[in-house]
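# Fold and geometry: a report
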Amino acid sequence: KTITISCGAVGAEKQLCEEGTQAWADQTGHEVKVVSTPNSATERLSLYQQLLAAQSEDVDIFQIDVVWPGMLAQHLVDLSEYTSGAEDAHFESLVQNNTVDGRLVAMPWFTDAGVLYYRKDLLEKYDQQVPETWQQLTDSARVVMAGEREAGNDRFWGFVWQGRAYEGLTCNALEWVASHNGGTVVDAEGNVTINNPQAREALALASTWIDDISPRSVLNYTEEEARGVFQSGNALYMRNWPYAWSLAQSDDSPVKDKVGVVALPRGGEQGTHAGTLGGWQLAVSRYSANKDEAADLVRFLTSYEEQKRRAIQGSYNPTIPGLYEDEEVLTAVPFFGELFETFKNGVPRPSSVTGESYGRVSNAFFNATHQVLSGEAEPEQALNGLERQLQRLGRRGW
Amino acid sequence: MNRKLLKKIAAKTGFTVLLAGILLFTVFPFYYAIVTSFKSGSELFDVTWWVSSFNFSNYLSVIGDGSFVGSIWNSVLVSFATVIIAMAFGLTAAYALGRVQFRGRSAVLMIVLGVSMFPQVAVLSGLFEVIRALDLYNNPLALIFSYTIFTLPFTVWILTTFMRQLPKELEEAAIVDGASPMTTLFKVFIPLMWPAMATTGLLAFIAAWNEFLFALTFTLTDDQRTVPVAIALLTGGSQYELPWGNLMAASVIVTVPLVLLVLIFQRRIVSGLTAGAVKG
Amino acid sequence: MAHTTPAPVETAAGGKSPARALPAKRQASRVRRQRLRAAWLFLIPMLVVLAAVAGWPLMRTIWFSFTDASFSNISEYGLVGFENYLVYDNGAWYGVLADPTWWNAVWNTLFFTVVSVGMETVLGLIIALTLNAQFRGRGWVRAATLIPWAVPTIVSAKMWGWMLHDQFGIINEMLLGIGLISEPLNWTANADLSMWAVIMVDVWKTTPFMALLTLAALQMLPSDCYEAAKVDGIHPVRVFFKVTLPLILPALMVAIIFRVLDALRVFDVIYVLTSNSADTMSMSVYARQQLVEFQDVGYGSAASTVLFLVIALLTISYLYLGRKQIGGEA
Amino acid sequence: MACVELKNINKTFGQIEILPCVNLRIEDGEFVVFVGPSGCGKSTMLRLIAGLEDPSSGDIEIDGEVVTDQSPKERGVGMVFQSYALYPHMSVYENIAFGLKLGKAKKNKIREWVEKTAEVLQLEKLLDRKPRELSGGQRQRVAIGRAMAREPKIMLFDEPLSNLDASLRVQMRTEIAKLHDRLQSTMIYVTHDQVEAMTLADKIVVLNGGNIEQVGTPYELYETPASLFVAGFIGSPKMNLMPGRVAGETGASATTIDIRGLGQVTVNRETSGLKDGDSVTVGVRPEHFSLALSGPDHGLEVVNVEYLGNEAYVYVELPGMQELMVVRQPVPCEVQTGQRVALTTEPELVHVFDASGRALGPFQAESEATEQLAATQ
Amino acid sequence: MACVELKNINKTFGQIEILPCVNLRIEDGEFVVFVGPSGCGKSTMLRLIAGLEDPSSGDIEIDGEVVTDQSPKERGVGMVFQSYALYPHMSVYENIAFGLKLGKAKKNKIREWVEKTAEVLQLEKLLDRKPRELSGGQRQRVAIGRAMAREPKIMLFDEPLSNLDASLRVQMRTEIAKLHDRLQSTMIYVTHDQVEAMTLADKIVVLNGGNIEQVGTPYELYETPASLFVAGFIGSPKMNLMPGRVAGETGASATTIDIRGLGQVTVNRETSGLKDGDSVTVGVRPEHFSLALSGPDHGLEVVNVEYLGNEAYVYVELPGMQELMVVRQPVPCEVQTGQRVALTTEPELVHVFDASGRALGPFQAESEATEQLAATQ
Ligand SMILES: Nc1ncnc2c1ncn2[C@@H]1O[C@H](COP(=O)(O)OP(=O)(O)OP(=O)(O)O)[C@@H](O)[C@H]1O
Ligand SMILES: Nc1ncnc2c1ncn2[C@@H]1O[C@H](COP(=O)(O)OP(=O)(O)OP(=O)(O)O)[C@@H](O)[C@H]1O
Ligand SMILES: [Mg+2]
Ligand SMILES: [Mg+2]
């Protein structure tokens with residue numbers, strides 16, 4: 001039988017996926033076809049939805065984002081019938097995230113969480129500490145920036161992150177709010193929690209960064225723009241996903257070996273380290289003609305061995321806690337160990353609870369944030385508006 | 001005499017400057033893409049004006065990916081077929097709309113235009129259903145079929161406009177010579193419509209060549225995909241990394257055939273085709 | 001030999017008998033009918049193809065605009081009437097027509113359309129006039145000018161995003177280099193600039209479209225009245241405005257129509273360059289956001305339908321204003 | 001067999017009535033020439049007959065069959081367009097061969113035919129040229145060739161020789177006459193050249209502002225124009241027309257007419273409808289005046305003498321008349337500008353038109369005058 | 001002031017040489033008419049003078065200044081195009097006014113001007129029409145109007161009256177002559193109408209295959225054509241040309257020439273370059289033959305009589321010659337087809353051309369013959 005799987009696009013991700021599926025195919029004698037899908041998550045989602053809405057058999061296994069299970073649940077198979085409890089070995093938060101109405105619609109495959117990149121050399125040069133809180137980050141960034149600018153690099157900035165009005169900003173802002181103990185916009189019961197003083201404080205702080213330690217154009221940065229600035233040596237700090245690590249460490253990188261990675265700062269002394277949970281899951285389509293084989297492939301791909309291989313070869317964060325203590329893994333990616341907590345306790349976006357409204361929630365959230373950042377609205381005003389908007393969205397239940 | 005010479009030189013210089021300006025305006029970003037396509041890794045983040053070293057690794061990696069070459073082939077097939085269909089239906093329709101006066105002509109024109117008034121995303125789902133119903137999913141035919149939704153109105157309108165401008169007497173002469181509408185169209189009008197046909201053809205070809213949303217949605221496997229999708233699906237080592245070098249190399253690769261195509265067909269865009277036909 | 005029925009001979013002045021009843025307008029003759037039939041025969045394949053491609057999707061979109069269908073479960077929906085368009089609920093208006101974001105998108109789109117199509121038309125004309133001249137290497141220049149149109153939109157938008165980058169974008173480098181600006185501009189993030197950045201990219205990308213169509217129109221002009229203008233010693237600028245422009249106007253109008261249609265539906269450029277930013281959100285981006293990101297097929301379809309109506313309205317009034325040029329002689 | 005009949009044809013362009021009501025019958029094999037002032041509707045008539053234009057009302061019959069509905073092809077017409085309407089993308093050869101090819105003739109047949117036609121039209125060397133590389137006259141000949149090659153049963157020529165030089169025009173005229181003899185097809189020909197009209201026509205139709213003024217043989221038109229208009233239109237230089245006034249009794253074989261500035265003429269016309277003192281117009285053709293030098297105080301002043309090589313036109317001023325009188329004289333011409341001359345003519349050669357422009361026929365009392373006139377031919 | 005001079009002008013289109021080497025001087029204020037067979041290069045010459053076409057080599061001077069690289073505007077020319085070249089989107093009014101506005105004339109000034117021009121051209125009622133709604137002749141008049149309204153210092157007319165009816169043509173011709181008188185501008189005029197050429201021209205230039213055959217006044221061309229070509233080309237119907245052979249002594253005031261089928265003529269030409277037995281061509285104009293009826297066995301057969309109204313052409317067959325001889329006769333004409341006639345002429349009226357086509361001048365011994373001839377005018 002031929003199983004069609006959508007995993008990754010091309011490049012290293014696809015290659016890893018192909019190797020994994022090939023191994024399974026060799027074991028079982030089935031055939032696996034890998035289809036590539038767009039890089040952009042929204043494009044990928046709409047493509048999936050076209051296929052699923054048409055009840056297409058064309059794809060058996062979908063690689064889905066951590067925020068999608070709520071939206072796609074009704075098209076997906078309950079995997080718990082096939083996994084015989086294997087999901088228990090994974091991060092609990094992820095499994096919960098993937099369980100919709102008691103059905104395990106997807107298996108965690110790899111995870112992601114926002115981390116802070118910093119320039120070891122510069123911190124040393126200006127005698128600064130690796131920041132523990134956002135405030136420290138702000139202060140040290142100012143110092144280093146002033147120094148570097150004086151030294152002639154007038155394009156040097158303190159902190160770059162993802163400020164464009166898109167999902168990435170939701171992730172960033174959620175980190176600020178959550179690290180200030182400001183909740184996750186909508187709590188697990190479906191109540192709108194965003195309009196609280198901590199959240200206001202977090203946004204107010206962030207909005208001071210613009211034109212101070214962050215260029216105004218950060219308001220239009222996605223991951224790559226930020227990495228571009230950072231990797232060309234023009235920024236002290238960067239908030240990004242772990243993927244940037246291997247690139248920053250690549251041979252032709254000007255910042256090679258000058259980069260450190262830590263968990264994102266806390267929001268004040270009482271705050272917590274918070275990294276928004278990202279990552280991808282594998283799910284089986286309800287319309288698949290080969291559900292059994294597909295589920296088996298999912299089980300195989302999410303297994304300990306396969307995740308270990310991917311962690312070593314591609315620095316993909318495993319979803320099985322045990323792997324963060326595996327020696328082989330740690331030699332390949334040293335910071336996995338240090339950041340285990342960050343990955344384990346990644347802050348989930350309120351996607352499960354808001355279900356198919358998540359898109360609107362996230363949109364409302366990043367738009368409100370963007371307004372605050374760009375100075376069009378005061379945090380208070382923006383959050384009031386956001387709260388009203390979300391309450392209206394959720395007025396009949398999510 | 002001297003002033004005249006000066007004036008001539010000034011005019012010539014002015015023209016050259018204008019030309020240079022136009023070329024700079026249109027080609028510079030592409031040139032920059034070429035420059036970028038020879039870079040790799042962190043070089044990308046440096047601003048450079050010239051190609052410092054010819055590093056073909058991006059090209060090799062793009063071409064080395066077998067499915068990319070295949071997608072070029074798919075694109076060629078799809079675009080050519082689209083243009084041929086658009087031309088075939090467009091020309092005949094343009095003859096009817098441009099040369100025959102009948103009631104409902106403007107209504108037909110409006111309806112044809114109306115088709116291109118919905119945003120692509122809005123028709124996407126419906127079209128997807130049609131294509132699945134016709135069992136064309138993941139088949140280049142689906143693209144050829146769906147592309148007519150934007151190429152056809154365009155060709156019909158443009159060709160109608162140009163067809164209308166041809167002298168009435170020519171058609172009358174053909175009628176007196178006993179030519180049927182078909183013959184008139186093919187033997188008399190089409191040869192005179194080359195500038196319009198080459199232009200619309202090129203524009204439609206490129207539009208089909210570059211179409212992304214339909215191509216992404218209506219094909220699934222790499223061996224059926226077209227160039228823009230293939231380019232969009234070029235990614236780097238991970239989810240967020242954009243492989244700039246590869247992307248630019250791929251863009252350069254797929255633009256070259258188009259440039260050649262334009263070079264070939266622009267010869268058809270010549271003036272004075274109807275010169276000498278009628279007096280007065 | 002000649003059995004002529006001599007017509008009553010009348011002098012030129014007294015020619016017309018005052019009360020000759022004009023017979024009722026005759027029916028279309030057979031020749032005309034034949035031509036008509038040929039015309040419809042020619043038209044029908046085109047119409048059938050269009051109907052096959054577009055009929056269902058368009059109907060479906062309009063239909064869904066009256067429902068509360070959602071993307072994630074498109075088969076279950078209820079009819080909601082005009083709720084997606086406009087509804088009064090709990091003391092407030094809801095629906096597309098009551099959404100300030102929508103009206104902001106409408107305004108953005110109109111602004112974008114007017115400015116970018118205007119600029120494209122002017123630039124396209126200039127380029128076309130240049131390419132119309134005879135010079136060595138004209139073919140290459142023609143091919144070169146078409147490149148922006150030939151680069152896939154996604155690539156070109158990304159390319160420009162890169163070039164417009166405030167940190168390592170070459171545009172800023174260039175402007176800094178010639179001293180036009182003293183510090184890098186935030187093209188895509190700055191609310192004041194981002195719309196202009198979008199317009200700039202769109203102008204760059206689609207000017208070739210205008211230029212090529214205009215070129216075709218120029219090349220199909222009758223040439224001999226230019227000689228007359230030359231002999232009459234008329235200034236080239238005047239010739240352009242009084243002769244060339246009126247003569248290419250029909251083609252230009254059609255080119256503009258299609259550009260306007262595209263501009264009113266603009267999506268990729270804006271989406272790639274500035275994402276969902278409210279400063280640049282267009283009607284299509286709005287519709288897509290509703291449809292894809294918010295999963296609300298009903299609402300998104302309503303937005304699409306309103307977008308369709310806006311475009312249709314604009315097009316019809318444009319055609320009406322320009323009917324002389326377009327509907328003119330046949 | 002192709003006789004053409006126009007029945008109550010009316011043609012309007014929008015608001016403008018071009019042909020109010022035309023009735024005309026053209027016999028099979030006849031050579032009919034349409035003449036008339038510029039813009040009077042000649043081309044429109046041809047186009048109606050060809051079927052390129054629909055009449056606003058009325059019917060066209062060919063061989064008794066109403067063809068208003070038929071296409072030009074079915075009507076069997078060929079046409080030389082006034083504006084040529086050559087296919088600009090085809091060579092001269094292809095232009096001429098196009099109709100033949102559509103007629104499904106054989107390849108070498110076509111070549112033969114085209115080459116023959118081209119030879120007749122002196123286009124042999126130009127067969128490979130495109131229309132834009134031809135001179136005006138050459139284009140016109142291609143247009144003729146295209147219509148000729150197909151040998152249709154009705155041929156329509158719209159000023160086909162207007163751009164050809166005199167000697168070529170004579171040759172072409174002869175060729176067309178030959179073609180007519182050979183094919184016996186019906187030919188309808190529009191021309192402004194009087195020589196062409198006179199020499200080619202079996203019948204001339206004079207149009208004026210969309211109305212048919214007179215139909216007749218060249219001889220009839222020249223010798224007995226039915227109206228002032230025809231009299232003024234046929235003949236070049238045109239007939240001298242002078243306002244006159246009946247002086248004395250009418251209705252007899254000799255009527256005296258008073259012409260201001262010229263004196264009295266006695267004419268031999270049917271003047272019974274007139275009475276003493278009525279205004280009439282008197283017409284005398286330029287060749288029908290005799291010139292005699294008169295003394296410096298008598299006669300009329302010669303204001304201009306135009307030398308044409310084979311003849312000369314003497315322009316004489318008639319006091320009180322705007323237009324000059326023209327007298328044809330052989331060369332060498334004896335009078336010179338500034339001299340004064342006396343004009344004389346014969347009574348039979350004087351045309352008289354009543355106030356409404358109708359010509360007065362020859363005096364009918366015994367109806368001999370006419371016969372006598374005819375016998376002189 | 002505008003005298004035009006062409007110096008060694010050569011013009012080729014691709015491979016084809018149209019004008020091999022033309023030298024011509026046109027004086028200021030002169031009215032020059034170009035005539036020549038269709039396709040001989042007349043329009044090309046006008047276009048070269050106008051500056052619409054660049055000469056392949058040679059120079060064009062206006063008032064002594066080389067203008068080869070000047071634009072038409074700088075040359076100060078106006079032109080009526082053979083193909084009219086009207087602005088298709090402008091009304092008649094706008095077409096005529098378009099060139100005028102240039103001079104920044106006031107609006108009502110322009111209107112006045114245009115209306116005056118339109119009146120002269122009888123276009124008053126058509127001022128609002130577009131060219132496509134006009135008849136051929138009306139379009140042509142618009143083209144004339146456009147050039148006339150501007151009153152340039154050099155006016156070029158390319159067959160401007162070819163599509164007008166005879167009477168309008170006469171009027172227009174007069175208007176052009178008036179315009180010439182008024183403006184004193186240099187006019188260069190192409191026509192195929194011999195009457196136009198003869199009446200309008202100060203100087204006629206006869207072109208043949210790109211070469212200037214002869215330049216002269218109408219009188220000179222008609223009376224003393226320099227070559228066989230000019231002789232055959234000027235005059236309609238054309239001169240009768242017969243092959244002959246010198247019989248007897250040459251170089252004297254009377255040379256005898258033997259014409260096959262016609263007998264011997266004695267001419268009064270400079271024949272010193274010839275010798276007994278040499279081939280020559282003898283030319284006699286149709287109006288220079290006298291006709292006399294001869295017996296049924298004598299003389300030549302009349303094969304055709306063409307009636308033209310004001311005159312008749314009698315076609316006579318000369319045994320052994322392909323072309324028919326034409327004799328002009330007044331009407332009523334006394335001979336009829338089938339009769340046999342004898343032709344006679346005067347020695348002074350006989351043209352003789354040597355084998356190369358050059359005309360033999362009048363006998364020069366005392367150079368009196370010419371003067372005498374001139375005196376008769
Ligand atoms: N573009 C061209 N290419 C080649 N030959 C040309 C071109 N234009 C004109 N000719 C040739 O040049 C010759 C002269 O053309 P021109 O138009 O000057 O003739 P013309 O004397 O005006 O003739 P007509 O009386 O027929 O108008 C013709 O034989 C014509 O075929
Ligand atoms: N499309 C039209 N709309 C309005 N009037 C027209 C149209 N076509 C022709 N006419 C008018 O009809 C009249 C007759 O035109 P037609 O072409 O038959 O004239 P014609 O006798 O051929 O003249 P010419 O000798 O100048 O060619 C003219 O006065 C012309 O202005
Ligand atoms: Mg006409
Ligand atoms: Mg010419």
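Being a predicted model, the structure only gives us computed values, none of them experimental.

Counting its regular elements, chain A contains 19 helices and 11 strands. In terms of C-alpha radius of gyration, chain A reaches 21 Å, essentially the compact-globule figure of 21 Å for 398 residues. Seen through its principal axes, chain A has C-alpha atoms that stretch 65 × 50 × 30 Å. Across the 398 residues of chain A, 64% fall into the buried class. On chain A, the mean spot of the 32 positive side-chain charges and the mean spot of the 55 negative ones are 5 Å from each other.

The next subject is the nonpolar core. The tendency in soluble globular proteins is for nonpolar side chains to be buried as a group. Residues Trp176(A), Ile194(A), Phe34(D) and Phe34(E) are the most contacted members of the largest nonpolar core, which totals 420 residues. Per-element accounting of this core gives the leading share, 17 residues, to helix α7 (residues 191-219) of chain C.

Turning next to the UniProt feature "transmembrane region" (unreviewed entry) in chain C. Residue and element names in this part refer to chain C. The UniProt feature table records "transmembrane region" (unreviewed entry) at residues 38-59, 110-131, 143-163, 193-218, 239-261 and 299-321. Within the segment residues 193-218, helix and strand shares are 100% and 0% respectively, and the terminal C-alpha atoms sit 35 Å apart. For the annotated span residues 239-261, helix accounts for 100% and strand for 0% of the residues, and the straight-line distance between the end C-alpha atoms is 30 Å.

Turning to the coordination of the magnesium ion (ligand 4), a few remarks are in order. Residues and elements named next belong to chain E. The coordination sphere of the magnesium ion (ligand 4), as far as protein atoms go, consists of Ser43 (OG) and Gln82 (OE1), spread over 1.8 to 2.1 Å. Placement of serine 43 in helix α1 (residues 42-50) and of glutamine 82 in the loop between β6 (77-80) and α3 (92-101) is noted, with a sequence separation of 39 residues between them. Of the residues examined, glutamine 82 reaches a relative accessible area of 13% and is grouped as buried.

Residue and element names in this part refer to chain A. Pairing within the open sheet is mixed, and its four strands lie in the order β8-β9-β7-β10. The two strands at the open ends of the sheet, each matched to only one other strand, are β8 (157-160) and β10 (259-262). Strand-to-strand twist across the sheet, computed as the mean angle between neighbouring axes with direction ignored, equals 15 degrees. With four bridges joining them, strand β7 (residues 115-119) and β10 adopt antiparallel strand pairing. Bridged to tyrosine 118 within β10 is glycine 260. Sitting on the sheet, helix α10 (residues 223-231) touches β7, β8, β9 (235-240) and β10, and the angle it makes with β9 is about 155 degrees.

Okay, the pattern of salt bridges next. Applying the stated criterion across every chain yields a total of 57 salt bridges over all chains. Between Lys203(D) and Glu30(D) there is a salt bridge whose closest N-O contact spans 3.3 Å. Taken as a pair, Lys203(D) in strand β9 (residues 203-208) and Glu30(D) in the loop between β2 (16-26) and β3 (31-35) lie far apart in primary sequence, 173 residues in all. The same class applies to Lys203(D) and to Glu30(D), which are both buried. In this structure, Arg328(E) engages Glu311(E) in a salt bridge whose closest nitrogen and oxygen atoms are separated by 2.4 Å. Of the two residues, Arg328(E) sits in strand β18 (residues 325-330) while Glu311(E) sits in strand β17 (residues 311-317), which places them 17 residues apart along the sequence. Overlapping salt bridges bring together Glu120(C), Asp202(C), Arg259(C), Asp262(C) and Arg265(C) as one network.

Residues and elements named next belong to chain E. When you line up the elements, alanine 2 lands in the segment before β1 (4-13). Judged by relative accessible area, which is 1%, alanine 2 ranks as buried. With 152 residues separating them along the chain, alanine 2 and isoleucine 154 place their C-alpha atoms 6.8 Å apart. Setting aside residues up to four positions removed in sequence, alanine 2 forms contacts with Glu27, Asp28, Gly29, Asp63, Lys153, Ile154 and Thr186.

In this section: the site of ligand 2. For ligand 2, the set of nearby residues contains 20 residues, the closest of which are Ser43(D), Thr44(D), Arg129(E), Ser135(E) and Gly137(E). Here an oxygen atom of ligand 2 and a backbone polar atom of Lys42(D) are 2.7 Å apart. A distance of 3.2 Å separates a nitrogen atom of ligand 2 from a polar backbone atom of Glu133(E). When ligand 2 is considered free in solution it has 640 Å² of accessible area, and contact with the protein chains removes 89% of it.

The next point concerns the sheet that holds strand β4 (residues 57-62) of chain D. Residue and element names in this part refer to chain D. Taken in spatial order, the four strands of this open sheet run β2-β1-β4-β5, and their pairing is antiparallel. Taken across any chain shown, the strands that pair with only one partner, and hence form the sheet edges, are β2 and β5 (65-66). Of the pairings in the sheet, the one linking strand β1 (residues 4-13) to β4 comprises five bridges and is antiparallel in character. Following the sheet pairing, asparagine 10 is matched in β4 by serine 57. Helix α1 (residues 42-50) rests against β1, β2 and β4 of the sheet, and its axis sits at about 120 degrees to β1.

Analysis parameters
- Residues numbered from 1 in each chain as written.
- Chains lettered and ligands numbered in written order.
- Predicted model: local features only at pLDDT ≥ 70, side-chain atom pairs only at ≥ 80, totals over all residues.
- Heavy atoms only, no water.
- Helix = DSSP H or I, 4+ residues; strand = E, 2+ residues; numbered from the N terminus.
- Rg over C-alpha atoms; globule rule 2.2 N^0.38 Å.
- Buried < 20%, exposed > 50% of the residue type's maximum accessible area, 1.4 Å probe, protein only.
- Lys, Arg positive; Asp, Glu negative; His and termini not counted.
- Charge placed at Lys NZ, Arg CZ, Asp CG, Glu CD.
- Core = buried A, V, L, I, M, F, W, Y, C linked by side-chain atoms within 4.5 Å.
- UniProt positions renumbered as here; feature names shortened; annotations may be inferred.
- Donors = N, O, S within 2.8 Å, 3.2 Å for Na, K, Ca; no water.
- Pairing = 2+ DSSP bridges.
- Axes fitted to C-alpha atoms, helices over the stretch in contact; angles between N-to-C directions.
- Contact = heavy atoms within 4.5 Å.
- Salt bridge = Lys/Arg side-chain N within 4 Å of Asp/Glu carboxyl O.
- Near = heavy atom within 4 Å.
- Polar contact = N/O pair within 3.5 Å; in protein donor to acceptor, adjacent residues only side chain to side chain.
- Areas by Shrake-Rupley, 256 points an atom, 1.4 Å probe, with all protein chains shown as cover.

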